[in-house]
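What the coordinates show
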Amino acid sequence: MRACETTCPSGVQYGRLLDIGRSAVAQRTRRPAGQAALRWLLRTGLSSRLFAPALALGRVLRPLLPAVLRDHIPLARAPGAWPARPHSRRMLLLAGCVQPAMLPNINAATARVLDALGVQLVVPPHAGCCGALHQHLDDPVGAQRMARRNIDAWWPHIESGCEAILVNASGCGAHVTEYAHLLRHDPGYAERARRVSTLAKDPCEVLPALLAMRPIRQPRQRPRVTFHPPCTLQHGLKIRGAVETMLTALGCELLPYAETHLCCGAAGTCGRGARGFGRGLVRGGGFGAAGAGAASAAAGTDALSAGAFSAAAPSLAGGTGAFSAAASRAGAGFSGAAGAATISA
């Protein structure tokens, strides 16, 4: 539905209309017990501190699980070192709820890239889930509570000079930019929420200016990659072409990707509640068209999309490893370890 916002000539904000519709449905209807239980489990389980140990247990049991569960459990990936150098320039990073456990290498790679570019990433310990899961699963009050908690965690750092709030998962980033709208009637938070929404950025929005300030040594052999832009990056944040431009500037040979406007099939939590719908999107997309010849796949999905991509196309090199092999998101993809280019600090 957010894709309609990109093409609507009248600028209708369909995402906000959906929020109104969800609230009306939740108030006027009763979901079947199974649906209600699943939605509760998704919004509380995925954002819980218990998610990481549960995922670790799932990885141990992964070979024994049925395919319907196994596909949603990516293999463990070492995050790599988190830089310890202080810098005068600082930015905040939303760690998120699912991504640190499922794909910790993304945030760590982002920190290394920014460190090489002279920027220190700060992750306040009391910030957590952005609240999108609760907002989209019948708990707008819980979503507002999480927004307030994050604003409280970030605000001292904003006041001390942090320049931006980076969010690797574009679905989370799109939601954080909505904090101003979500808390517009809260006199204690409305002004700060507007400031936070302004500061929230996808890494691909801040990297071009930083990369322009550092010499980049091009690779001897250009890696061949293809990139799938997530729906929330294209239609929620209205960012198109930025990641592809930077991959090319860093020396990658960017292969064309068929039907980049289509969803990867995960669709946030929709891929868990409407599995047939998500599978159909995966089969109908352009995964094999150009990506089969790529040395690595720059799979630009949110952290929740890992399961869909791991099941999507074996022809994509690395499966879920594609998330950091070349450019799983802008931050992860531009690390020197990715093999594309070296940034001279």
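Along each chain, the written sequence defines residue order, and numbers are assigned to residues from 1. Predicted model: local features are reported for residues with pLDDT of at least 70 only, side-chain atom pairs are reported and counted for 80 or more only, and whole-chain, interface and lining totals are derived from all residues. Side-chain measures were taken over the full set of non-hydrogen atoms in the model, leaving aside hydrogen atoms and water.

**Here we look at the overall build of the chain**
Of regular secondary structure, the chain possesses 21 helices and 9 strands. We call a residue buried when its accessible area falls under 20% of the maximum for its residue type, exposed when it is over 50%, and partly exposed in between, using a 1.4 Å probe and counting protein chains only. Within the chain, the fraction of its 345 residues that count as buried is 49%. In the chain, 77% of the contacts between residues at least 6 apart in sequence involve partners at least 24 apart. Accessible surface area values rest on a Shrake-Rupley calculation with a 1.4 Å probe, where residue burial reflects the displayed protein chains alone. When the accessible surface of the chain is summed, it comes to about 15600 Å², and 59% of that surface belongs to carbon and sulfur atoms. Comment: elements are numbered from the N terminus, with helices defined as DSSP H or I runs of at least four residues and strands as E runs of at least two. Residue contacts are counted whenever heavy atoms from the two residues lie within 4.5 Å of one another.

**Describing the nonpolar core**
Within soluble globular proteins, side chains that are nonpolar generally end up buried alongside one another. The term nonpolar core refers to a set of buried residues drawn from Ala, Val, Leu, Ile, Met, Phe, Trp, Tyr and Cys, joined through side-chain atoms within 4.5 Å. Residues M91, L114, L121, L166 and L207 are the most contacted members of the largest nonpolar core, which totals 25 residues. Those elements giving two or more residues to this core turn out to be β1 (89-93), α7 (104-116), β2 (119-122), α13 (203-211), β6 (224-228) and α15 (242-249). Ranked by residue count, the leading element in this core is α13, at 5 residues. Grouped together as the second largest cluster of nonpolar side chains are 24 residues, A127, W154, V167 and Y189 included.

**Some remarks on unusual backbone geometry**
Positive phi outside glycine occurs at D138, with the angle close to 70°. Following the sequence through the fold, D138 ends up in the loop between α8 (132-136) and α9 (140-159). You can call D138 partly exposed: its relative accessible area is 25%. Phi angles above zero are rare outside glycine, and K238 is one such case at about 60°.

**Details of the packing of α13 against α15**
Between α13 and α15, the least distance of the axes is 9 Å, while the angle of their chain directions is 30°. Considering the angle they form, α13 stands roughly parallel to α15. Every pair of crossing elements has a handedness; the one defined by α13 and α15 is left-handed. Between α13 and α15, the residues in contact are C204, L207, P208 and L211 and A242, V243 and M246, respectively. Each residue belonging to the contact of α13 with α15 can be placed in one class, and the counts come to 7 nonpolar, no polar and no charged. With axes taken as lines fitted to C-alpha atoms, and helix axes fitted only over the stretch in contact, angles between N-to-C directions fall between 0 and 180 degrees. In this scheme, roughly parallel covers angles under 35 degrees and roughly antiparallel covers those over 145, while 65 to 115 is roughly perpendicular and the rest are oblique. Crossing handedness is defined as follows: a turn of the near helix away from the far one that is anticlockwise and smaller than a right angle gives a left-handed crossing, while the clockwise case is right-handed. Charged residues are taken to be Asp, Glu, Lys and Arg, nonpolar residues to be Ala, Val, Leu, Ile, Met, Phe, Trp, Tyr, Cys and Pro, and polar residues to be all remaining types, Gly included.

**Regarding the side chain of S197**
Along the chain, S197 falls in helix α12 (residues 190-199). S197 gets classed as buried once you look at its relative accessible area, which sits at 12%. If we ignore the near neighbours within four places in the chain, the residues touching S197 are V176, T177, E178, Y179 and A180.

**Remarks on α15**
Taken as a whole, α15 has its buried residues at V243, M246 and L247. Seen along its axis, α15 keeps its buried residues to an arc of 105°; they face one direction. Downstream of α15 by a residue or two, G251 has a phi angle that is positive, lying close to 100°. Think of it as the arc spanned by the lines of direction from the helix axis to the C-beta atoms.

**Digging into the pattern of salt bridges**
Salt bridge, as applied in this entry: a Lys or Arg side-chain nitrogen positioned within 4 Å of an Asp or Glu carboxyl oxygen. Summed over all chains, the structure comprises 9 salt bridges. Close ionic contact of D19 with R22 constitutes a salt bridge, the shortest N to O distance being 2.7 Å. Taken together, the residues D19 and R22, both in helix α2 (residues 14-28) and 3 residues apart, mark about one turn of the helix. Residue R22 is classed as partly exposed on the basis of its relative accessible area of 24%. Between R89 and E163 there is a salt bridge, with its nearest N and O atoms 2.7 Å apart. Placement of the pair is R89 in strand β1 and E163 in the loop between α9 and β3 (165-166), with a sequence separation of 74 residues. Judged by its relative accessible area of 33%, E163 falls in the partly exposed class. In this structure, a network of salt bridges that share partners links the residues R31, R39 and D138.

**Section: the side chain of E178**
Relative to the helices and strands, E178 is located in the loop between α10 (170-176) and α11 (179-182). Nitrogen and oxygen atoms within 3.5 Å of one another constitute a polar contact, given that in protein one can donate a hydrogen and the other can accept it, and given that sequence-neighbouring residues count only through two side-chain atoms. Reaching out from E178, the side chain makes a polar contact with the side chain of R16 at a distance of 2.9 Å. Excluding residues within four positions of it along the chain, E178 makes contact with R16 and S197.

**Observations concerning the packing of α9 against α12**
Where α9 contacts α12, the axes come no closer than 11 Å and their chain directions differ by 75°. Relative to α12, α9 is oriented roughly perpendicular. Facing I151, D152, W154, W155 and I158 of α9, the residues of α12 in contact are R192, A193, R195, V196 and L199. Grouping the constituent residues of the contact of α9 with α12 by class yields 7 nonpolar, no polar and 3 charged.

**Quick notes on a nonpolar patch on the surface**
Without a salt bridge and with relative accessible area above 30%, a residue can belong to a patch; like charges are then joined within 9 Å and nonpolar side chains (Val, Leu, Ile, Met, Phe, Trp, Tyr) within 5 Å. A cluster of nonpolar side chains, namely L57, V60, L61 and L64, defines an oily patch on the protein surface of about 430 Å² accessible area. Locating V60 in the fold gives a position in helix α4 (residues 51-61). Judged by relative accessible area, V60 falls into the exposed class, the value being 62%.

The analysis is restricted to geometry; functional conclusions fall outside its scope.
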